Amino acid sequence: MPRLALSWTLLLALGTGTAIGGAPSGEFLFVENVGAGLGGIWGVDVTGTNFFAITAASGFGFSATTPPYPSPDIQEFSQAKNNGRIGFMSLMMNPNDSARIYVMNGDGTGVKQVTFHNPSVSFNQSHSEPSISADGSKIVYVNAETIAPAGTMGAGGTNCSGTQTASYWVVNTDGTNPHVVRQPEFYDVHCNKGAAGEAVWSPDGTKLLVADSLGDFNSPANCQYEIAVVDPSTGNNIRTLACNNTWGITQVGLDWSPDGTKAMALVTCGGAGGEHTCTQWVVWDTSTWNVISTIPTPSGNDEFLTRFSPDSTMLGYYDQNVSPHTMNIMDLSGNPISSFSMASVNADPGGAAGSLVWSASTPGVLQTFTLGVPSIYVNSCPNYTLYIEPSEFNSSGALIAHGFTSANIDMTSGDGASIHVDGFGNAYFNATRNSGSGTLQLSSFDANSSTIPITTDQNCNCQVSTSGVTVARGGLRYVASSQQQFLQTLTVTNNSGGAVTGPINIVIQGLPSTVTVTNASGTTGCTSSGSPFMTVVPANGSLAAGQSASVQLDFRDPSLGGFTYTTAVTSGFGAP
Amino acid sequence: MRLALFLSVAGFGFGSTILTLNTTPLETSSAGPFTLDFQLNEGDGGSNNYNQVTLSNFGFGGGSVSGVPTSSTGGITVTPSPFAVLLAETSFFNDVQFDFTPGSSLSFTFSSTTNNDPVAPDTFTFAIYDNSGNEIATTNPSGFDSFVEVDLPSGNAGVNTILSGSAPGASVMLNPPTQGSSSSPSVPEPSYFAAISLLAAALVWKTRRGPEV
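Residue indices begin from 1 for each chain and proceed along its sequence in written order. The order in which chains are written sets their letters, starting at A; the order in which ligands are written sets their numbers, starting at 1. At least 70 in pLDDT is required for a residue's local features to be given in this predicted model, at least 80 for side-chain atom pairs to be given and counted, and no such filter applies to totals for whole chains, interfaces and linings, which use all residues.

1. So, the overall build of chain A
Starting at the N terminus, helices and strands are each numbered in turn, a helix being any DSSP run of H or I of at least four residues and a strand any DSSP run of E of at least two. Along the backbone of chain A there are zero helices and 47 strands. Distance between backbone-placed C-beta atoms decides contact: two residues are in contact if it is within 7 Å. Sequence separation of at least 24 residues holds for 60% of the intrachain contacts in chain A that already meet a minimum separation of 6.

2. As for the overall build of chain B
Scanning chain B from terminus to terminus reveals three helices and 13 strands. A total of 213 residues make up chain B; the buried ones form 43% of that total. Put simply, of all contacts in chain B between residues at least 6 apart along the chain, 77% involve residues at least 24 apart. Exposure in this text rests on C-beta crowding, where 20 or more other C-beta atoms within 10 Å of a residue's own make it buried, 12 or fewer make it exposed, and counts in between make it partly exposed. The C-beta atoms are placed from the backbone.

3. What about the nonpolar core?
Throughout this description, the term nonpolar core refers to a group of buried Ala, Val, Leu, Ile, Met, Phe, Trp, Tyr and Cys residues whose C-beta atoms join them within 7 Å. Judged by nonpolar contacts, the single largest core of 69 residues is most densely connected at A:Leu209 and A:Ala265. Residues within four places of A:Ala265 in sequence aside, it is in contact with A:Ala211, A:Ile227, A:Leu241, A:Ala242, A:Gly253, A:Leu254 and A:Val282. A:Tyr565, B:Leu26, B:Leu36 and B:Leu40 belong to the second-largest nonpolar core, a separate cluster that totals 59 residues.

4. Observations regarding the environment of B:Ser132
Counting through the fold element by element, B:Ser132 comes out in the loop between strand E10 (123–129) and strand E11 (148–151). Its 18 C-beta neighbours within 10 Å are what place B:Ser132 among the partly exposed residues. Separated by 99 residues in the primary sequence, B:Ser132 and B:Pro33 place their C-alpha atoms 9.2 Å from one another. Aside from chain neighbours lying at most four places away, what touches B:Ser132 is A:His179 and A:Val180.

5. Section: the confidence of the model for chain A
Residues and elements named next belong to chain A. The score called pLDDT rates the predictor's confidence residue by residue, from a low of 0 to a high of 100. Confidence in the prediction for chain A averages 73 pLDDT; 66% of positions are at 70 or higher. Throughout residues 1–21 the model reports pLDDT below 50, and contacts reaching past four residues in sequence, or to other chains, amount to 68 contacts. Confidence over residues 56–72 falls short of pLDDT 50; this stretch has 42 contacts with residues more than four positions distant or in other chains.

6. Focus: the environment of A:Gly235
Residue and element names in this part refer to chain A. One can find glycine 235 in the loop between strand E15 (225–230) and strand E16 (237–244). When the 18 C-beta atoms within 10 Å are taken as the criterion, glycine 235 is described as partly exposed. Sequence-wise, glycine 235 and valine 180 are 55 residues apart; in three dimensions their C-alpha atoms are separated by 8.5 Å. In contact with glycine 235, not counting residues within four places along its chain, are Val181, Arg182 and Val230.

7. So, the interface of chain B and chain A
On the chain A side, the residues contacting the 36 residues of chain B number 25 residues. Sorting the residues of the side of chain B that touches chain A by element identifies strand E2 (34–41), strand E5 (71–73), strand E8 (93–101) and E10 of chain B as the ones contributing at least two each. In the scheme used here, Gly and all other residues not listed as nonpolar or charged are polar, with Ala, Val, Leu, Ile, Met, Phe, Trp, Tyr, Cys and Pro taken as nonpolar and Asp, Glu, Lys and Arg as charged. Counted by class, the side of chain B that touches chain A contains nine nonpolar, 19 polar and eight charged residues.

8. Focus on the pairing of strand E6 (residues 75–79) of chain B
Residues and elements named next belong to chain B. By the bridge criterion, five bridges tie E6 to strand E7 (residues 84–88) in an arrangement that is antiparallel. Each bridged residue has a counterpart across the sheet, and for glycine 75 the counterpart in E7 is alanine 88. By the convention used here, strands pair only if DSSP detects at least 2 bridges between them. Where E6 folds back on E7, the antiparallel hairpin that results is connected by four residues.

9. Comments concerning the pairing of strand E5 (residues 74–79) of chain A
Residues and elements named next belong to chain A. A large share of E5 lies buried, amounting to six of its six residues. Examined bridge by bridge, E5 and strand E6 (residues 86–90) share five bridges and lie antiparallel to one another. Bridged to glutamine 79 within E6 is isoleucine 86. Following E5, the chain reverses through six residues before pairing antiparallel with E6; glycine 84 in that reversal takes a positive phi of roughly 80°.

10. A word on the environment of B:Ser104
Residues and elements named next belong to chain B. Residue placement: serine 104 occurs in the loop between E8 and strand E9 (105–112). Residue serine 104 is classed as partly exposed on the basis of its 14 C-beta neighbours within 10 Å. Along the backbone, serine 104 and glycine 63 are 41 residues apart, and their C-alpha atoms lie at a distance of 7.2 Å.

11. Points about the sheet that holds strand E23 (residues 326–331) of chain A
Residues and elements named next belong to chain A. The four strands are arranged E21-E22-E23-E24 in an open sheet whose pairing can be described as antiparallel. Strands with a single pairing partner mark the edges of an open sheet, and in this sheet they are strand E21 (305–308) and strand E24 (336–341). Strand-to-strand twist across the sheet, computed as the mean angle between neighbouring axes with direction ignored, equals 15°. Bridge count for E21 against strand E22 (residues 314–319) is four bridges, and the pairing is antiparallel. By the bridge assignment, leucine 305 is partnered in E22 with tyrosine 318. Each axis is a line fitted through C-alpha atoms, taken for helices only over the stretch in contact, and angles between the N-to-C directions span 0 to 180 degrees.

12. As for the sheet that holds strand E20 (residues 291–296) of chain A
Residues and elements named next belong to chain A. Spatially, the four strands line up as an open sheet ordered E17-E18-E19-E20, and their pairing is antiparallel. Taken across any chain shown, the strands that pair with only one partner, and hence form the sheet edges, are strand E17 (254–256) and E20. Mean inter-strand twist for the sheet, computed between neighbouring axes without regard to direction, equals 20°. Pairing between E17 and strand E18 (residues 262–269): three bridges, direction antiparallel. Its bridge partner being in E18, leucine 254 is matched across the sheet by alanine 265.

13. Topic: unusual backbone geometry
Following A:Gly502, the chain continues into A:Pro503 via a peptide bond in cis, with omega recorded as 0°. Its place among the elements puts A:Pro503 in the loop between strand E40 (500–501) and strand E41 (504–509). The omega torsion across B:Ser81 and B:Pro82 is -10°, close enough to zero to call that bond cis. Take B:Pro82: it is sitting in the loop between E6 and E7. A positive phi angle, close to 55°, is found at A:Asn177, a residue other than glycine.

14. Observations regarding the confidence of the model for chain B
This prediction gives chain B a mean pLDDT of 81; 77% of its residues lie at or above 70. Taken together, the stretch residues 1–13 of chain B has pLDDT below 50 and engages in 20 contacts with residues farther than four places along the chain or on a different chain.

Next comes the structure, spelled out in structure tokens:
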């Protein structure tokens, strides 16, 4: 499937979602239950009137576009308060792996994997509980594939080095710099230890609010189960807000108000050394860490997924202990404000710890933007498929490109040829006339692009094999900091005696099916059709005689077993 | 004279080299604990066992290394005393890691065979992991985040050594390693043993013939 990467400028403005006259506003996002308690992300406005889907439950564009969806996918998610990016945990995105963390835009486009399996661990375990920072630049998550460092000692001098733990990690949302921030400190004589539970960011990204069992169970206070404030740069516990010596801890009610002035957690109570007998919401003032209010939950010893309102004045929680299940809004003293039934949808936001968001956005007005206008070329070979790249963000969370992989794309061409874009961004071109030119127009969320020049080629031109151009390969290294991939540099040298006009592409041929090039420019339509290729010299460039150009390849080889391939160099007008 | 020429034809290994890294900044760094990572990969993506690398004469400047690897994949042989590591290309990916307590410096003697991989260079790299489980970022131009990269011969290219220091913003700032020559013998290749055997046989044959008249 050849890809055409489109890049354009997009200015993003989010709705404020500010409550007017104290009335709730915005929307709740939750996981739609497709039978296993898991599914895609759905939304509903705060009145409970308008339900809508943000993502399909499986495959993101390669499955059903309307419910019911065939298989579950997203299990837990969170949303950046400043720009709507969503970080989520999915198991079925890769059925051969445990759950990993992904990111996507607020409209469900631009899905990208950001965490990967650690092949050094003994047991393949999940990454879970993703909490994305307010600016969308980083995600804190629980990594059950953490290895206890050398020198980790348990009670009585037991050497617990190398044992596997569940610890807090932080990764940039572009997938770079995954690193551990807090891991178990206290081990018993059998190397038993606590585990990370859930963490949420302060709005300024300088602190984490955590609920876990990493506390000191050896101390007289037995505060293994803790609600604490942690410095993400050091992993140090800044302040313990609550602890108890009962069994277990609830993780589902944990949030930091969007204005940063308050923190909230669902805290267990009762039990006196046994299993806890009640739960209560506790709200703290983050300037003094004094308790503002303590609110008993309505159903005693139960968990309630709870979030602050966008204006930080209310709490919304999901009650699955009543029939039908309800979404409830109350003030910070526990006084009810409104409630609506979730009976009209098969919602299950209580099924996972991190699967409820109170977003400031309003359904139907997710965002507005202005489009830049690229010029694109479409090769109309039979069965040739144009794939529009998903949206991309930089490491600060700013949108840098948008592929319009939403359901609202509208394309028309001027020569009678047709372009169909399905609901999830796959575009199919059918040529009905000879080569010609025309325009296409893109639209999404009520904003239309200017018309975009489009050139179609009924003759199915392919790039030619480029003689006199050689490819030299560098060595390979497995680089942990590069998302555990093998990196290799390829250098193209023009020995033809004359200049070669771009685009110049290197086609990677014969790669085993288990190995992927994760940073490929696209997939070929002509030379070894379906093979990945890398563009070394762009369309507006050239390679002078004797000149060289290099490109780095990122290979993902999960088996570490090695791989062979051959290369071909193509250049000129047409598809690689 | 004949012997020297013969050994040259047989392809003696890459001259033994002492590599020394100033690790003083690691001693007080909060990015620890640290892990040493040595890696040798097949350039052609297979496991042809073209080359091998020996690391010996380790010095830790008052620091230490665990004698038992925390991770070992492929053709790895570790000799605990004196500490030495052999990486042989019995697999595509050959990697060994050790827990490392830094001292003022880390040094070792590198030697290798130099058989030519016609597809791409067999590559040895040395990197240090910090407590995030990732390499300390370096200025290595290949993107390897390694302090030492040695590309063994491939095609018309000979041995290429790249020594790098920490990249700006890395968890710990280290200068590039320094490189010096060593008098220690390099790793003999199978062809070298064959050459020695042939030489010995020739000497025996010549002795049995007696002095020429």
